[in-house]
Amino acid sequence: MKYYGMDPTLVEIYNIRNIESIKLWDLVSHDESNKRIVIPAFMVIYDGGKQLNLCAKDKYFDIFVKKITEVYRDEKNNILEDALTDPFCLSRHIEIDDFTKSVLESGDLTVANEIYGFYKDKERYEGSLFYQVDEVKSLVKIIQYHIKRLFANTDRNVNFNDEFSGYRNNYVMSGQIDGIDQYFPFTFQKVDSNHYEIWVNGLVNQNLPVRVDVIFKKDELDVVVEIEPYELKEESRYVITNGVVKSIHDATRRGITIGYKNNDLEKMETNPLDNIANLDEEVNLDWFILPWGAVYGCASKIEDVSGYEKVIEIHNMYLDVFDGGFVRKEYYSKNYKRNRTVSLNAQDVVLEEIKKNILGISIDKEGKIFVVETSFDEGDVSNDFYNGAYGGKFFYHGCYTENGVSGIDRKRLVTLNKEKNVLNNSDLVNKYRILKLVKGE
């Protein structure tokens, strides 16, 4: 048996503790044309004199920065005492200059704790206990709306019914083409927790599928619908920019634009799904309504570090209600960004990144008993705390309400765990067991 160890640099990064000093500095180099390039770099001295120095071009720089940020937050108010390095027991704090400190401490450092806080000390599951069909339900409205948009550029009139059925990658919708009832088989693939691929047959013919990609990004939602043999495609983007959400649609035929729209979405005075937005934390976002009835919330904050350097916080949330449940996708990040100048290249360094997904499903026909699943993405640039405690983990709650999704709130949520004999998929859909647990009987 072969054992594959971790990259030595990663081992060093993950073992950073007892930080003595941190320095953000600029590494100067030259490109092929001898143009001066300035690259941000961090140097940290820790744990009795160990030293690690990485720049933005190094492989694990993002992980390095996030680890430094995490440990700095934990230790910045601690007094470091070490018999070897401080024999007279003189108290010391982390040595850090004002500039580096302003980068690491920019923004509201409590946001991440609020996003995680509700799940602290709750039991974690290593995988989802939901069925795939539960996640498909949350996407059907998006899929149908954007397919109809694409076919609006043709002479074919497409409509869908609300219902669909199926199991494990293979499903079927129903509807009408030019007023004639049709069935539309489709396959479903989850690329990752924020990217889905769907192939729908029967819209052109049974052997020519329409491809739909749904991608949730840090500051936008992208939906691409394409009939490849016809070279017909529409790309729809819902982009958060300057405090508004832009709806951008670009339809092309053989690479030539045949339709283009760019407008701002309507801002809402109140969020009708406020109870779901605040289900496990208090959020303060501006809300916009999407064309299929979902809502998109966003907030951003920019803090100047210097004339050409900023720390940017982004917080957004996608919410939708569908027949028998609701979905919520949340993204939070904090980035150090340096604009391009005559002598400096533009740089973007991730300081914090959190992706949270919540899916609520009714397990009874009356829509009164709900099971809620929360998961956190691991991410390529996650820190130890994020990966170890939350990344890739799943949390479950049950709720009973007489008023459907509108009656769900934080006070009604009851934690579900293995101690309460919630071990697998079948336990979650056992409405009598869940009802007993949420009512405390």
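As a starting point, this report considers the structure included with it. Keep in mind the model is a prediction, meaning the values are calculated, not measured.

Regarding the overall build of the protein
Turning to step 1, where the next piece is worked out: Regarding its fold elements, the protein presents 10 helices and 22 strands.
Turning to step 2, where the next piece is worked out: Each of the 441 residues in the protein was classed as buried or not, and the buried ones make up 49%.
Turning to step 3, where the next piece is worked out: Put simply, of all contacts in the protein between residues at least 6 apart along the chain, 50% involve residues at least 24 apart.

Looking at the packing of aromatic side chains
Turning to step 1, where the next piece is worked out: Tallied over the entire structure, the rule returns 19 aromatic pairs.
Turning to step 2, where the next piece is worked out: Where Y116 meets F376, the ring centres are 5.4 Å apart and the plane angle is 45°; that geometry is what we call tilted. You can see Y116 sitting in helix α4 (residues 111-117) and its partner F376 sitting in strand β20 (residues 369-376), a full 260 residues away along the chain. The pair Y116 / F376 is uniform in exposure class, with both members buried.
Turning to step 3, where the next piece is worked out: Lying across the ring of F216, K329 places its NZ or CZ 5.2 Å from the centre.

Focus on the sheet that holds strand β10 (residues 220-227)
Strand pairing in a sheet is mediated by backbone hydrogen bonds. Such pairs are either parallel or antiparallel.
Turning to step 1, where the next piece is worked out: Read from one edge to the other, the open sheet built from nine strands follows the order β5-β6-β7-β8-β9-β10-β11-β12-β13, with strand pairing classed as antiparallel. Both edges of this open sheet fall to β5 (158-167) and β13 (256-264), since each of them pairs with a single strand only. When strand polarity is set aside, the average angle formed by the axes of neighbouring strands in this sheet is 20°.
Turning to step 2, where the next piece is worked out: The sheet contact formed by strand β11 (residues 232-241) and strand β12 (residues 244-253) spans 10 bridges and is antiparallel. Within β12, the position partnered with K233 by the bridge is T252.

Comments concerning the layout of surface pockets
Turning to step 1, where the next piece is worked out: Taken as a whole, the largest pocket holds about 480 Å³ of empty space.
Turning to step 2, where the next piece is worked out: Elements with a minimum of two residues in the lining of the largest pocket: α5 (132-137), β7 (180-192), β8 (195-205), β9 (208-216), β18 (325-338), β19 (347-362) and β20.
Turning to step 3, where the next piece is worked out: Here the lining of the largest pocket is composed, by residue class, of 10 nonpolar, 10 polar and nine charged.
Turning to step 4, where the next piece is worked out: Estimates place the volume of the second largest pocket at around 380 Å³.
Turning to step 5, where the next piece is worked out: Elements that contribute at least two residues to the lining of the second largest pocket include exactly α6 (140-151) and β5.
Turning to step 6, where the next piece is worked out: Looking at the lining of the second largest pocket, the element that brings in the most residues is α6, giving five residues.
Turning to step 7, where the next piece is worked out: Taken together, the residues of the lining of the second largest pocket sort by class into four nonpolar, one polar and six charged.

Focus: α6
Turning to step 1, where the next piece is worked out: Helix length check: α6 (12 residues) gives 17 Å between terminal C-alpha atoms against 16 Å at 1.5 Å per residue, within 8%.
Turning to step 2, where the next piece is worked out: Judged by how many residues are buried, α6 sits mostly within the fold: nine of 12 residues are covered.
Turning to step 3, where the next piece is worked out: Looking at α6, one finds that the buried residues are V140, I142, I143, Q144, H146, I147, R149, L150 and F151.

Digging into the nonpolar core
Nonpolar side chains tend toward joint burial in soluble globular proteins.
Turning to step 1, where the next piece is worked out: Counting 61 residues, the largest nonpolar core has I147, I198, L203, V214, L221, Y318 and Y396 as the members making the most contacts within it.
Turning to step 2, where the next piece is worked out: Among the elements that line this core, the one with the most residues is α6, at six residues.
Turning to step 3, where the next piece is worked out: Membership of the second largest hydrophobic core comes to 29 residues, among which are I276, V372, Y390 and L413.

How each quantity is defined
Residues numbered from 1 in each chain as written. Predicted model: local features only at pLDDT ≥ 70, side-chain atom pairs only at ≥ 80, totals over all residues. Heavy atoms only, no water. Helix = DSSP H or I, 4+ residues; strand = E, 2+ residues; numbered from the N terminus. Buried < 20%, exposed > 50% of the residue type's maximum accessible area, 1.4 Å probe, protein only. Contact = heavy atoms within 4.5 Å. Phe/Tyr/Trp six-rings, centres within 6.5 Å; stacked < 30°, edge-to-face > 60°. Lys NZ or Arg CZ within 6 Å of the ring centre and 35° of its normal. Pairing = 2+ DSSP bridges. Axes fitted to C-alpha atoms, helices over the stretch in contact; angles between N-to-C directions. 1 Å grid on protein atoms, 1.4 Å probe; cavity = no way out; pocket = protein on both sides within 12 Å on 5 of 7 lines; lining within 4 Å. Points joined across faces, edges and corners; volume = space filled by probe spheres on them. Nonpolar A, V, L, I, M, F, W, Y, C, P; charged D, E, K, R; others polar. Expected span 1.5 Å × (residues − 1). Core = buried A, V, L, I, M, F, W, Y, C linked by side-chain atoms within 4.5 Å.

Purely geometric stuff here, so don't read any function into it on its own.
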